[in-house]
Amino acid sequence: MTANGTYAPRMHGGRVDWVDYAKGICIIMVVMMHSVLGVEAAAGQTSFMHYVVEFARPFRMPDFFLISGLFLAVVIDRGWRTYLDRKVVHFAYFYVLWVTIQFVFKAPSFAAEMGWAGVAKLYALSFIDPFGTLWFIYLLPIFFVVTKLTRRLPPLLIWGVAALLESLHLTTGWMVPDEFCARFFYFYTGYLFASQVFALSDSARARPVLALLGLAAWAVINAVLVHVGAADLPVISLLLGLAGACAIITVGTLLAEKRWLDGLRFCGEHSIVIYLAFFLPMATSRALLLKYAAFLDLGVIAILVNIAGVIGALIIWKLAMKSGATFLFERPDAFWIAPRKNATRLQAAE
């Protein structure tokens, strides 16, 4: 336990398998959302996959943020220099790099709409209002800093304020305050209640039948509330986010116990790699499939684009590692402000 009563898990130098399974589910759902909505927007119609995306909407990002806060208690009491290096500079480097990469690919189409001056303005604006798919790693450093700055305050007070902010459903048009209010509650819940999260995983492992019954009940309730349009109501959205996060943790635990779908665990282990690079294979496969495989059902095309986004990102990562372009996924020495760790891989610093 840390000074403020939060849980600090013992890692013994290894990874927690169920966490990687849960993250694998999350990152695939994130890519799925962008793939499905992108295909539907390009085709001008919806598909059966739209309902899958809607089902996942209440918990897709809450679970990702909750897991991101799980191990914060291990490092939160480090000195500011090391903390900022691991939790701010690390993500800032990859945000700046990959937002620039995205602009290189998208600038011609942007220029056709708004001119090159508009492209330059949009690029500058991306450092104030996060661009496209990269908003997650823009928000994470803010969450890390706010949590450290408030660690001497009563944790339940911070948690209560975060719950209130989530219930406001703030919509200013500026992603930073809007998403901070919508997501910080889940991040702080992962940090504050890490011991309970690990206890939930232990319970699911010990009572798999009861866990499966709970998952079935959750799936029905979540689907009904989404269908009737109640998932976005204050309080209900918060409860669905928490319940969905618990469900994904339970699924991850059961899969890890049986060692099923090991590829899912691998995706979770490299979730940030996928998150950074999936946009390019996703966009490429979408254009090709809609042009040359329009005879396929739109939902099938969306699934294929989803698969291409995930696998394509991993291929880009492998090629970068083998070709010497490691700066794409590993922070170079020049961008460390604290002594470098022995393990320098991107995922290890997540």
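Overview of the structure. (Residues numbered from 1 in each chain as written. Predicted model: local features only at pLDDT ≥ 70, side-chain atom pairs only at ≥ 80, totals over all residues. Heavy atoms only, no water.)

## Remarks on the environment of Ile-315
Within the secondary structure, Ile-315 sits in helix H14 (residues 298-323). Residue class for Ile-315 comes out partly exposed when judged on its relative accessible area of 47%. As a C-alpha pair, Ile-315 and Phe-278 span 37 residues in sequence and 10.0 Å in three-dimensional space. (Helix = DSSP H or I, 4+ residues; strand = E, 2+ residues; numbered from the N terminus. Buried < 20%, exposed > 50% of the residue type's maximum accessible area, 1.4 Å probe, protein only.)

## Description of the pattern of salt bridges
This structure, assessed with the given rule, holds 14 salt bridges. Between Asp-17 and Arg-259 there is a salt bridge, with the nearest N and O atoms lying 2.2 Å from each other. With Asp-17 in helix H1 (residues 17-43) and Arg-259 in the loop between helix H10 (236-258) and helix H11 (262-269), this pair connects stretches of sequence that are 242 residues apart. Asp-17 sits in the partly exposed class, given a relative accessible area of 28%. A residue is classified by how much of its surface remains accessible, and Arg-259, at 45% relative accessible area, is partly exposed. As a salt-bridge pair, Glu-54 and Arg-57 come within 3.0 Å of each other at their nearest N and O atoms. Its relative accessible area of 24% is what places Glu-54 among the partly exposed residues. Overall, the relative accessible area of 28% leaves Arg-57 in the partly exposed class. A network of salt bridges, in which partner residues are shared, links Asp-17, Arg-259, Asp-262, Arg-265 and Glu-269. (Salt bridge = Lys/Arg side-chain N within 4 Å of Asp/Glu carboxyl O.)

## Some points on the packing of H1 against H11
Relative orientation of the contacting elements H1 and H11 amounts to 85°, with a least axis distance of 6 Å. If you check the angle between H1 and H11, you find them roughly perpendicular. Facing H1, whose interface residues are Asp-17, Asp-20, Tyr-21, Lys-23, Gly-24, Ile-25, Ile-27 and Ile-28, H11 presents Asp-262, Leu-264, Arg-265, Cys-267, Gly-268 and Glu-269. Across the contact of H1 with H11, the residue classes tally to six nonpolar, two polar and six charged. (Axes fitted to C-alpha atoms, helices over the stretch in contact; angles between N-to-C directions. Parallel < 35°, antiparallel > 145°, perpendicular 65-115°, else oblique. Contact = heavy atoms within 4.5 Å. Nonpolar A, V, L, I, M, F, W, Y, C, P; charged D, E, K, R; others polar.)

## Section: the packing of aromatic side chains
Per the counting criterion, the structure on display carries 36 aromatic pairs. Between Phe-143 and Phe-187, the ring centres sit 5.4 Å apart and the planes meet at 45°, which makes this aromatic pair tilted. Residue Phe-143 is located in helix H5 (residues 135-149), and its partner Phe-187 is located in helix H7 (residues 175-192); the two are separated by 44 residues in the primary sequence. Overall, the relative accessible area of 0% leaves Phe-143 in the buried class. (Phe/Tyr/Trp six-rings, centres within 6.5 Å; stacked < 30°, edge-to-face > 60°.)

## Quick word on a nonpolar patch on the surface
A surface patch of nonpolar side chains, about 820 Å² in accessible area, is lined by Phe-48, Tyr-51, Val-300, Ile-303, Leu-304, Ile-307, Ile-311, Ile-315 and Leu-319. Residue contributions to the nonpolar patch peak at seven residues, all from H14. When you line up the elements, Ile-311 lands in helix H14. (Patch = residues over 30% accessible without salt bridge, like charges linked within 9 Å, V, L, I, M, F, W, Y side chains within 5 Å. Areas by Shrake-Rupley, 256 points an atom, 1.4 Å probe, with all protein chains shown as cover.)

## A word on unusual backbone geometry
We note that Val-235 has phi near 75°; this positive angle belongs to a residue other than glycine. On the secondary structure map, Val-235 appears in the loop between helix H9 (208-227) and H10. The backbone of Leu-261 shows a phi angle near 50°, a positive value even though the residue is not glycine. Within the secondary structure, Leu-261 sits in the loop between H10 and H11.

## Remarks on the side chain of Thr-253
With respect to the element layout, Thr-253 can be found in helix H10. The buried category is assigned to Thr-253, whose relative accessible area is 0%. Within the local environment of Thr-253, its side chain forms a polar contact with the backbone oxygen of Ile-249, the two atoms lying 2.8 Å apart. Setting aside chain neighbours within four positions, we find Thr-253 in contact with Trp-18, Ser-201, Ala-204 and Arg-205. (Polar contact = N/O pair within 3.5 Å; in protein donor to acceptor, adjacent residues only side chain to side chain.)

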